[in-house]
Amino acid sequence: MNYIDGFRDPEAAACLRRRINDLAAEVDHVSIMEVCGTHTMAISRYGIRSILPDNIELISGPGCPVCVTDAGYVDTAIELARRGVMVVTFGDLIHVPGSETSLAECRARGASVEVCYSPTAALELAAKNPDRDIVFLAVGFETTIPPVTSLVPMATEKGLNRVSLLTAFKLVPPALTALLADPELRIDAFLCPAHVSAIIGANAYRPFTGPAGVPCVIAGFEPLDILLGLEHILQQVRAGDAVVDNQYTRVVRTDGNSKALALMQKYLRPVDAAWRGLGVVPQSGLGLKPEYSAFDAETRHGIKVQRGKEPVGCLCGEVIKGKTRPPQCPMFGKRCTPDHPVGPCMVSSEGTCSAYFKYSAGSL
Amino acid sequence: MANDTIQLAHGGGGRLTRDLINNEIVSRFGNGPLAGLPDGATLPSPRDRLVFTTDSFVVQPLEFPGGNIGHLAVHGTVNDLAVCGGLPRWLSLSLILEEGLPLATLRTVLDSVKSAAADCDVVIATGDTKVVAHGQCDGLYINTAGIGEVLPGFVLSPDRISDGDAILVSGPLADHGMAVLARRQNIQIENGPVSDTAPVHRLVQAAQEWAPAVRFMRDPTRGGAATVLNEMAEGRKIDIVLREQDMPYSIGTRAVSEMLGLDPLHVASEGRIILVCERTVADKVLARWQTMPEGRGAARIGAVAAGKGRVILETVAGGRRLVDVPRGELLPRIC
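What counts, and where the lines are drawn
- Sequence order as written defines residue numbering, which begins from 1 separately in each chain.
- Working convention: letters from A go to chains and numbers from 1 go to ligands, in the order in which they are written.
- Only residues with pLDDT of at least 70 get local features here, since the model is predicted, and only at 80 or more are side-chain atom pairs given and counted; chain-wide, interface and lining totals rely on the full set of residues.
- In computing side-chain values, all of the structure's heavy atoms are included and hydrogens and water are not.
- The domain limits used here are those given by an automatic or database domain assignment.
- Every residue pair with non-hydrogen atoms within 4.5 Å of one another is taken to be in contact.
- When two components associate, each loses some accessible surface as probed by a 1.4 Å sphere; the sum of these losses over both components is called the buried area.
- Salt bridge, as used here: a side-chain nitrogen of Lys or Arg that lies within 4 Å of a carboxyl oxygen of Asp or Glu.
- Exposure is judged per residue with a 1.4 Å probe applied to protein chains only, and the accessible area is read against the type maximum: over 50% gives exposed, under 20% gives buried, and values in between give partly exposed.
- Helix numbering and strand numbering both begin at the N terminus, where a helix is a DSSP run of H or I of at least 4 residues and a strand a DSSP run of E of at least 2.
- Two strands qualify as a pair provided that DSSP identifies no fewer than 2 bridges between them.
- Under the convention used throughout, the expected extent of a helix is 1.5 Å for every residue step, that is, one less than its residue count.
- Both site types are read off a 1 Å grid over the protein atoms alone. A 1.4 Å probe that fits but cannot get out defines a cavity, while an open set with protein on both sides within 12 Å along at least five of seven lines defines a pocket; lining residues have an atom within 4 Å of a point.
- Grid points are joined across faces, edges and corners, and a volume is the space filled by probe spheres set on the points.
- In this count, Pro and Cys sit with the nonpolar residues alongside Ala, Val, Leu, Ile, Met, Phe, Trp and Tyr, while Asp, Glu, Lys and Arg are called charged and the others, Gly among them, polar.
- Throughout this description, a polar contact denotes any pair of N or O atoms lying within 3.5 Å of each other; where both atoms belong to protein, one of them has to be capable of donating a hydrogen while the other can accept it, and for residues adjacent in sequence the pair is counted only when both atoms sit in side chains.

Attention shifts here to the domain arrangement of chain B. Residues and elements named next belong to chain B. We note that the domain assignment places domain 1 (38-150) and domain 2 (158-322) within chain B. Using only C-alpha atoms to locate each centre, domain 1 and domain 2 end up separated by 25 Å. The interface of domain 1 with domain 2 comprises 22 residues on the first partner and 22 residues on the second. Between domain 1 and domain 2 the total buried area reaches about 1,700 Å² when both faces are included, carbon and sulfur atoms providing 62% of it. It is Pro 65, Asn 79 and Val 83 in domain 1 that bury the most area against domain 2; as a group they hold 32% of the surface buried on that side. There are one salt bridge connecting domain 1 and domain 2.

With that out of the way, let us pick up the pairing of strand β9 (residues 238-243) of chain B. All names here are of chain B. Burial runs high along β9: five of the six residues are buried. Direction of pairing for β9 relative to strand β11 (residues 299-306): antiparallel, over a ladder of five bridges. Bridging across to β11, Leu 242 finds its partner in Gly 302. Sheet topology places β9 next to strand β12 (residues 311-314); four bridges connect them, and they run parallel. Each bridged residue has a counterpart across the sheet, and for Ile 240 the counterpart in β12 is Val 311.

Here we take up helix α1 (residues 15-29) of chain B. Over its 15 residues, α1 of chain B extends 20 Å from the first C-alpha to the last, a length consistent with the 21 Å expected when each residue adds 1.5 Å. Every buried residue of α1 of chain B is accounted for by Thr 17, Leu 20, Ile 21, Glu 24, Ile 25, Arg 28 and Phe 29 of chain B.

Residue and element names in this part refer to chain A. All told, the structure shown has four cavities of 30 Å³ or more when counted by the stated rule. Within this model, the largest cavity holds a volume of roughly 80 Å³. Together, Cys 314, Leu 315, Cys 316, Val 319, Pro 326, Cys 329, Met 331, Phe 332, Cys 336, Val 342, Gly 343 and Cys 353 line the largest cavity. Tallied by class, residues from the lining of the largest cavity come to 11 nonpolar, one polar and no charged.

Right, let's talk about the environment of Gly 319 of chain B for a bit. One can find Gly 319 of chain B in the loop between β12 and β13 (320-322). If we ignore the near neighbours within four places in the chain, the residues touching Gly 319 of chain B are Tyr 46, Gly 47, Ser 50 and Ile 51 of chain A together with Leu 313 and Glu 314 of chain B.

Next up on the list: the interface of chain B and chain A. Across the boundary between the two partners, chain B contributes 22 residues, which contact 27 residues of chain A. Here chain B packs against chain A, burying approximately 2,100 Å² in sum over the two surfaces, 54% of which is carbon and sulfur. Between chain B and chain A we count two salt bridges in total. A salt bridge links Glu 258 of chain B to Arg 8 of chain A, with the nearest nitrogen and oxygen atoms 2.7 Å apart. At the junction of chain B and chain A, the tally comes to seven residue pairs in polar contact (both at pLDDT 80 or more). Of all the elements in the fold, those that place two or more residues in the side of chain B that touches chain A are α7 (251-260) and β13 of chain B. With four residues, the single largest contributor to the side of chain B that touches chain A is α7 of chain B. Broken down by class, the residue content of the side of chain B that touches chain A amounts to six nonpolar, seven polar and nine charged.

As structure tokens, this is what we get:
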């Protein structure tokens, strides 16, 4: 743990805070989007928003995989569970509201919905229940996509032929393109994700930089990582630069993780994807290639994910785009709390509303 | 081997019941008020007020690094008495056993109850044993109730907590919950978390010298320090302000909390006290505790300020954030 302590050193943090303050005095208003949900959570957990000068604004982006998953996807998972399929999922998704109900309510009524920490749990369940169809809810960004996709070769090898994936894989770079193109949003810089960047590599952000672009700084999740990332963003803003700056070199390489990328390339192909908040973004998702359709839950079970209905009055879509801060939503902390979430951003442990509620409740 | 496991007939009131009670209960606890197995214990009447509490224990797994359900069943109730300013004296011990429970497991647990009770200087004064069919309970559940004598001098109430008070903790937090979770998740790491299950009554006795300056005490069990501190602050015109860099955590607990993404402030301890006292005596209590084996890791973790009923953490990054109570089914069956 000494390793982590080095990235949480209070004196080094104080030093970075001073440098951020000095730089902030030399620039106008700067809106920085932290793209990744884990950054959102870490920023809240360490109270980083509370120490930034007034002209430096952190906007939370669409980086929580559960939050951007469309209600229609949840509806499809519920329909599969109702048909008797064993649905296996990471925990947060079961509480996300679909158009009518959630997987948790479905489970309470007797459907088999299994929560797991690792995708390989789906294979263990398949081995234990050879007479059941198993569908793994394949939701996530580039970090999660490779381990989930590896279920395909693993299931093949083990002869577990009743396992399939309901894919809603999402890619970060196309979402950044959509956000930068949104005329209602002004983003001056991206604090780029840590783990996603470990897969896709620092070079993946080059299209967003240059004369018409914005600074893209990759930072880790520890408090000093984040403060250093912000400090480097402000340096670029002051200098009028817009380049990719990798401050997470202990994990992220220029070209990413070639093994993971090769796995994705072998089994998956780009598809248009529906994002809660952003709508359908062209080529922003990944689905299984046709030759692996036996593992595609939609093909296998003759079901198609449709667009779902958003909860009435829920502003999660606007929160995901960074246009609305959680406390600006009329339901925040009133009708919508972590105990009784209305929208996905309050459900997920990485959701922006959940982070605001848990660590500030609008009161700090 | 049927003879090595609990059978329904062990709870039927017949010969097997008598054998079980004699061989396993009376042999360990039969010297005091339990001698002769009366329907109730007859106890000497103490000179002053009493503290009375009860707690049930359903921890899964039954054994975990640092202890088992037997230790917990004694320490949990002893500690509830202690933080009320009580000197623990008598416990009841009720067992609910599942058909098929290995007798060896029961013996291990009862041996732990015996050694923990001896260490706490409490007497198992009365008890009960029931057996339920396979599948109707999960191995073994225990209920203990406890009676203690009020130690003179303490006037404990959260209403006495005021601006300027100091917050002390008697040792590293969250070790019990993390040890149970790590075992349950099969996380095997070197120097992993070890349950802190232990009695705290000696720490309370040690603080008795400054009793009038002690405002309130709680043991941060289920829901962790976050829950206990929020209960202290809620609805009062105070904020409890903690300093993240002063929070004591063991290395194993920190490692597992990082791995599982849990805030150790939300995780249970079973051998710690959080004590709020006047600032002027804080260093004295702390120094006394640090001379004791169970208080070696004691620390001053924060202070009380005038405020709005919140618990606030000053983070290592220099920021401030709320410390919320845990929500949802975070950690079921931790004790």
